[in-house]
Amino acid sequence: MEAVVQGESGTSPLITVSLRHQALFVPINTDESGEAMSPLKETTGLLLANFHKLGFVVTEELRRELNDASPAFHAEALTAIQEVLGVQKNWTPLVKGWDVPTGESIADHLLTWFANQFGGSGTELPCGHVIPENTFPLDRYNGCPFCGTPFEFGEIEFSDQGSSKKVLELWTQPDVDKCLVSLLQSKTALDATQRDSLNLLLGERPLPDVEIAMKETAMLVIASLIENGREDQTMRYIKSPIDVMRFFWFQKTGFAQILEPRTVIKRTAKNFRHRDADLALKHLRNKLDSALKTGPESDVANDAASKAKQALKLKFTRPQCRLAAAWLSQLPQSPEAACELMHPKRRMWVRFIRALRLVEYSNKNGNEKLAAILKAFHQQTYPVTAGELQKAKAVNDSDKAFSLLKQRPGLFSRSLFANMLWFGPEQTITQFIEIVDQVPARLLFSLNSTAETYFEGHNRIVKPLGGNPKVIPPNALLKRYTPPQIAAMKEMIESLCIEAVKSRFAAIPNPAKTIYIDPQLYKIPVAIGERSDTVQDLPAALAGMRFPVSGNTVRLFLQWGEGLPAQHLDMDLSCTIAFNESTEICAYHSLTATGCKHSGDIRSIPEKVGTAEYIDIDLDKLNHAGAKLVTFSCNAYSDGSLSPNLVVGWMNSEHPMKISKRTGVAYDPSCVRHQVRITSGLTKGLAFGVLDPEAREIVWLEMPFGSWNASTLDFESVNRLMAKLDSRLNIGHLLQLKAEAQQLELQESPGSDEDYTTTWAMNTAAVTALLID
């Protein structure tokens, strides 16, 4: 591979962030920008041709600036896009020309196992396995068909097959700074992509003086300030003792939310445990190969839990201890109020107090506030509102309960539905209206979107902190109300939320008279704080966003193991086809299914370059067979969670997408419609899309599940999540509310006083500016 000439210093991170917004950052001189375009240079033409092969075209404005940029920057921009699309990775599957099945069977695996255990003739492969004659057709494989270890590697052979190109806009320094401000001011929790972008921008740009809306965002800013030796500027972001714990727990674990240690340990152990008996080929091979080599699975899980527990033990340096003591000594709350906030995590605080040596630092001059907090905490001389609230509900003291709830608007909104059923809807709504102006807009939208599911009495999907989505039954108190009463409750919630949002828009002066809303915005849901664990290096999509399918084939891909030494690391790509009364799976144990073909199961990765699996989905065959939905998923069959830097997504094109007969490589970067990258976390499995063959569209979603096998994926959870996403308010309807409240005239084409396009919506953090608090 040729050496890459580096471009402008510090531009690579900015290029990475800009690509996530369907743009390309160019470090232009603003004094010279806007001049007439000079003749297209040869180097620029070559760059644009390479972009086209990768599935990108550029706007005229961007082309003009690229023409003025240096060849070194051209090389840097091209390298950045190639890295995002994984052009330099190994995309070779196990089977050559895998669109034609190899015909392997259980008998082939059993005969091969006997030949290797008790001696037999055949072809010996580099992995050491002997393949008997008349079993696997070895000329069809790039590796061992028995153990799934690849030996042969091919290059990407096909490019520019994509029928739909991504249009890159021009990004300059003001766009970068605007993006940074929007991330800091986002009124919803940042997802993994936004957090990564914020970290990259904080490393390249100065911190703007803006108010940070979310606590989790503040943790990233505090970490950046401390890294740059500016600890004295961090106190402005510490508003409560919870923030102190949140930051040090974030430093320890990487989780911006405070996950209980027992939750992390439990999920880690579960990721190392295969719960159910599996009659599939792979589990049979694993059992046969390792029966004499390893102990029981419970021992492996227990060892993993012990290691996780050891890794979570707290140990802090003296500077960290001094910083924590200074923060706690300057809190605005009284000692009793601070202790009440600490109470829900009391067990964790006991360990933090000891590890941070807070008792020792409380005896130093200037830390009298810290001493008072510790005294109240240890003596438990502080009230607990949650306990008082439960007591008031137990004795049906509505006056006391509502008085306490109105002091906590967030708690009141999150428990609104349950309180309506407990105390009665009229009284509850009357009390809630008194504090509705204090409720964050994101919670109002959540109430509006979940009311129908909650009150209809269906099972609901919830995601516990640090856990996988679960389906829970309806509230038993719904049985006390008649259908007309329940319908009235839903109408009360919808009316309340819509009027509250309109009143907030109406209170803001707006000199504009006209507004344009792109029709595509009616298909994009409003982000209300899904904390995804995957990074989207291509233009980001929100959960629930729909991708139209061109042509007749959808190709799923999974790539993992790049940069890692050769080892057993088994990740699996699967899809589950749902019919009216049955399901069918295309996965490692069933390489062919109705309308689906799998490229073969790889169980071990080669040295440093990684490996890949594919599934081709034929929409015509699915429709002919009556398939309703196809769920895409990936999971870690190996012990542990999904491999870091694993990339999963799908390709699609109006033109036929070829498969190499020589190597089986089927990856074409120009056909990639969407992909995500696993960074870290506790995810064992991930459902990442649902295909509707009849409607010919794919719904992007991110639903973790705790199984090593797609056959245990809970389809009720998938259906409930789909219903939840469908019920969510979309950006177009939110803008309609704004237009009605501010008396703006809707225009049918761009050029109005306020234009809202899909390009604007690419920055989901900027969209949250519509969530007026």
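As a reminder, the structure under discussion sits directly above these lines.
Residues numbered from 1 in each chain as written. Predicted model: local features only at pLDDT ≥ 70, side-chain atom pairs only at ≥ 80, totals over all residues. Heavy atoms only, no water.

We now examine the overall build of the chain. In terms of regular secondary structure, the chain is built from 29 helices and 25 strands. Computed over the C-alpha atoms, the radius of gyration of the chain is 28 Å, within 12% of the 28 Å expected from 2.2 N^0.38 for a compact globule of 773 residues. With respect to the principal axes defined by its C-alpha atoms, the chain has extents near 80 × 70 × 65 Å. Taking all 773 residues of the chain together, the buried fraction comes to 53%. Sequence-distant contacts, at least 24 apart, represent 77% of the contacts inside the chain between residues at least 6 apart. As displayed, the chain has an accessible area near 34,200 Å², and 51% of this comes from carbon and sulfur atoms. Side-chain charges of the chain comprise 81 positive and 89 negative groups, with the mean position of each set lying 9 Å from the other. (Helix = DSSP H or I, 4+ residues; strand = E, 2+ residues; numbered from the N terminus. Rg over C-alpha atoms; globule rule 2.2 N^0.38 Å. Buried < 20%, exposed > 50% of the residue type's maximum accessible area, 1.4 Å probe, protein only. Contact = heavy atoms within 4.5 Å. Areas by Shrake-Rupley, 256 points an atom, 1.4 Å probe, with all protein chains shown as cover. Lys, Arg positive; Asp, Glu negative; His and termini not counted. Charge placed at Lys NZ, Arg CZ, Asp CG, Glu CD.)

Another point: the sheet that holds strand β19 (residues 629-636). Across a sheet, paired strands are connected by hydrogen bonds in the backbone, their directions being either parallel or antiparallel. Strand order in the open sheet made by the 6 strands is β10-β23-β22-β19-β13-β14, with antiparallel pairing throughout. Each edge of the open sheet carries a strand with a single partner, namely β10 (546-548) and β14 (583-586). In this sheet, neighbouring strand axes are inclined to one another by 25° on average, regardless of whether the strands run parallel or antiparallel. One ladder, built from 3 bridges, connects β10 with strand β23 (residues 697-705); its direction is antiparallel. Note on β23: the bridge partner recorded for Arg-546 is Val-699. Across the sheet, helix α26 (residues 715-726) touches β10, β13 (571-578), β19, β22 (685-692) and β23, and the angle it forms with β23 is around 120°. (Pairing = 2+ DSSP bridges. Axes fitted to C-alpha atoms, helices over the stretch in contact; angles between N-to-C directions.)

Here 3 strands make up an open sheet; going across it, the order is β1-β5-β2 and the pairing parallel. With partners counted over all chains shown, the strands left at the sheet margins are β1 (23-25) and β2 (56-58), one partner each. The average undirected angle you get between the axes of adjacent strands in this sheet is 40°. Pairing analysis gives 3 bridges linking β2 to strand β5 (residues 166-171), with the strands arranged parallel. Along β5, the bridge assignment pairs Phe-56 with Lys-166. Across the face of the sheet, helix α3 (residues 60-68) comes into contact with β1, β2 and β5 while running at roughly 60° to β5.

Moving on, we get to the nonpolar core. Within the largest apolar cluster, 113 residues are counted, with the highest numbers of intra-cluster contacts made by Phe-51, Leu-66, Tyr-614, Ile-617 and Phe-632. It is helix α4 (residues 71-85) that provides the largest number of residues to this core, a total of 7 residues. For Leu-66, the residues in contact, after removing those within four places along its chain, are Leu-24, Val-26, Thr-44, Leu-47, Leu-48, Phe-51, Val-58, Phe-73 and His-74. By size, the runner-up hydrophobic cluster in this structure holds 67 residues, among which are Ala-256, Ile-265, Ala-355 and Ala-376. (Core = buried A, V, L, I, M, F, W, Y, C linked by side-chain atoms within 4.5 Å.)

Moving on, we come to the packing of aromatic side chains. Applying the stated criterion to the full structure yields 26 aromatic pairs. Summarising the aromatic geometry, the rings of Trp-113 and Phe-114 are spaced 5.1 Å apart at their centres and angled 75° between planes, so their arrangement reads as edge-to-face. On the basis of relative accessibility, which here comes to 13%, the residue Trp-113 falls in the buried class. Its relative accessible area of 44% is what places Phe-114 among the partly exposed residues. Here the basic side chain of Lys-166 rests over the ring of Phe-56, its NZ or CZ set 5.7 Å away from the ring centre. Just above the ring of Trp-422 sits the side chain of Lys-393; from NZ or CZ to the centre is 5.5 Å. (Phe/Tyr/Trp six-rings, centres within 6.5 Å; stacked < 30°, edge-to-face > 60°. Lys NZ or Arg CZ within 6 Å of the ring centre and 35° of its normal.)

A few words on the packing of helix α15 (residues 346-355) against helix α17 (residues 368-379). Packing of α15 against α17 leaves a shortest axis separation of 12 Å and a crossing angle of 135°. When the axes of α15 and α17 are compared, the pair comes out oblique. The handedness of the crossing between α15 and α17 is left-handed. Along the contact surface, α15 presents Arg-346, Trp-349, Val-350 and Ile-353, while α17 presents Leu-374, Phe-377 and His-378. (Parallel < 35°, antiparallel > 145°, perpendicular 65-115°, else oblique. Left-handed = near helix turned anticlockwise from the far one by under 90°.)

Glancing now at unusual backbone geometry. Positive phi, normally seen in glycine, also occurs at Asn-134, with a value near 65°. Overall, Asn-134 belongs to the exposed group, its relative accessible area being 77%. In this structure, Gln-380 takes a positive phi of about 55° despite not being glycine. Here Gln-380 lies in the loop between α17 and α18 (385-394).

Scanning the entire structure with this criterion turns up 23 salt bridges. Among the salt bridges present, the one from Glu-562 reaches Lys-89, with a minimum N-O distance of 3.9 Å. Within this pair, whereas Glu-562 is found in strand β11 (residues 553-562), its partner Lys-89 is found in the loop between α4 and α5 (106-118), the two being separated by 473 residues in sequence. Residue Lys-89 is classed as buried on the basis of its relative accessible area, which comes to 16%. Across the pair Arg-408 and Glu-340 runs a salt bridge, and its minimum N-O distance is 3.1 Å. (Salt bridge = Lys/Arg side-chain N within 4 Å of Asp/Glu carboxyl O.)

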